[in-house]
Amino acid sequence: MSYFRDNIEALSGYVPGFQPDGSDVVKLNTNENPYAPSPKVIEAIRNTGGEKLRRYPQPLGDDFRRAAAEVLGFSPDNILCANGGDDLLTIVLRSFCDEGRALAYPVPTYSLYPVLARIQNCPVVEVAFGSDFDLPDGLADADASLVIVCNPNAPTGTFVEPDELGELAARLKGRSVLLIDEAYVDYAKANCLELVRDHDNVIILRSMSKGYSLAGMRFGYAVACRSLIDGLMKVKDSYNVDAVAIAAATAAIRDVDYFRTNIEKIKAQRTELIEAMKGLGFVVAVSEANFILARSGECSAEEVHAQLADRRIYVRYFKLPGLDDKLRITVGTKEQNDKLVAALRDIMRR
Ligand SMILES: *Cc1c(COP(=O)(O)O)cnc(C)c1O
């Protein structure tokens, strides 16, 4: 007999990427931004004094909602703050899914979705991506209450055009909510924000972890029509974002210049890294995210992953069908990427 609910007892929990100790490591395994957050973020954190900490924070994170609304061209009523994008996913699953209300998503994708579904004990419909990772047809017919599309997708880095997701939203209207997980959209050529204006069933997920260098802070948010935001508010914890995080995220989203410069640097390094990897014989698809998915031509990806780890260079390896011959590599600084490429050259020579 277990004290836990059957679905929790049977669950293998989500396994986060390895977080190695030490500053001498090259850490390219969990898609963090290699650069520091804006100096204005550090200043905002410093200015969050004892009085702010003594009191409860703003229940809805109103400072951030106002800032995000201005920067994105929406109303604060369209924004919901969360303790990281993952917190938003939990809120959304709890809001729309149960034993009789399924979750559907294309695969391969973010491996947290099925874990949250099992906790919620809802049916899961996994629909395989098309050959070039185009959106599969089956999603609209999956009879799910919630459909999640990660765009750009993880761990493939591929991108579905906003128009196509708009068509999917229209087909789902009245039946299901479409959550578009835009955790990596800061590195992409376009985004789906405008769909919120025309579709009352679209939720855009954003994260401050990747594009804004704030993975350690824990801040994400939703953009959706007011009726969806109001409903999600009933489900979230009363104080789900803390005072320090609200101050930091507000400063980060307002510093548009710093953000743009940072993103452009990483995109340039992405192009260079892809070229260097191709030079080593890897097959690398175009990526619209801050990571690349590289298939090793001759050697085993698992073996290369292990040998890189021996050299304290960490990338991500998924022992899963369709992914077990590939490495997912976060785009780092030029120096980090050069170290990775040099190590790979050495490993593959042997
Ligand atoms: C990183 C990530 C998130 C959200 O991460 P947080 O750190 O919780 O903001 C959501 N979806 C995907 C696919 C991600 O990679």
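All values reported here derive from a predicted model rather than from experimental measurement. (Residues numbered from 1 in each chain as written. Predicted model: local features only at pLDDT ≥ 70, side-chain atom pairs only at ≥ 80, totals over all residues. Heavy atoms only, no water.)

This brings us to the overall build of the protein. If you tally the helices and strands in the protein, you get 13 helices and twelve strands. Taking 2.2 N^0.38 as the reference for a compact globule, 350 residues should give roughly 20 Å; the C-alpha atoms of the protein span a radius of gyration of 20 Å, in line with that estimate. With respect to the principal axes defined by its C-alpha atoms, the protein has extents near 60 × 50 × 50 Å. Relative to its 350 residues, the protein shows a buried fraction of 54%. Contacts in the protein between residues at least 24 apart in sequence constitute 72% of all its contacts with a sequence separation of at least 6. Put simply, the protein shows about 16,200 Å² of open surface, and 49% of that area lies on carbon and sulfur atoms. When the 41 basic and 49 acidic side-chain charges of the protein are each reduced to a single mean position, those positions are 4 Å apart. (Helix = DSSP H or I, 4+ residues; strand = E, 2+ residues; numbered from the N terminus. Rg over C-alpha atoms; globule rule 2.2 N^0.38 Å. Buried < 20%, exposed > 50% of the residue type's maximum accessible area, 1.4 Å probe, protein only. Contact = heavy atoms within 4.5 Å. Areas by Shrake-Rupley, 256 points an atom, 1.4 Å probe, with all protein chains shown as cover. Lys, Arg positive; Asp, Glu negative; His and termini not counted. Charge placed at Lys NZ, Arg CZ, Asp CG, Glu CD.)

Moving on to the pairing of strand 5 (residues 146-150). Across the five residues of strand 5, five count as buried, placing the element largely inside the fold. Alternating positions in strand 5 separate into two faces, Leu146, Ile148 and Cys150 on one and Val147 and Val149 on the other, with burial throughout. Relative to strand 6 (residues 177-181), strand 5 runs parallel, the two being bridged by five bridges. Bridge pairing in strand 6 links valine 147 to leucine 178. Between the parallel elements strand 5 and strand 6, the chain passes through helix 7 (residues 162-172) in a crossover that is right-handed. (Pairing = 2+ DSSP bridges. Right-handed = clockwise from strand over helix to strand, strands pointing away.)

An order of 9-10-12 is seen for the three strands of this open sheet, with the pairing classed as antiparallel. Strands at the two margins of the open sheet, each flanked by one partner only, are strand 9 (283-284) and strand 12 (326-330). Relative to strand 10 (residues 291-295), strand 9 runs antiparallel, the two being bridged by two bridges. Bridge pairing links valine 283 to arginine 295 in strand 10.

With that out of the way, let us pick up a negative patch on the surface. There is a patch of like negative charges on the surface, built from Asp132, Asp134, Asp163, Glu164 and Glu167. Assignment of secondary structure puts glutamate 167 in helix 7. (Patch = residues over 30% accessible without salt bridge, like charges linked within 9 Å, V, L, I, M, F, W, Y side chains within 5 Å. Salt bridge = Lys/Arg side-chain N within 4 Å of Asp/Glu carboxyl O.)

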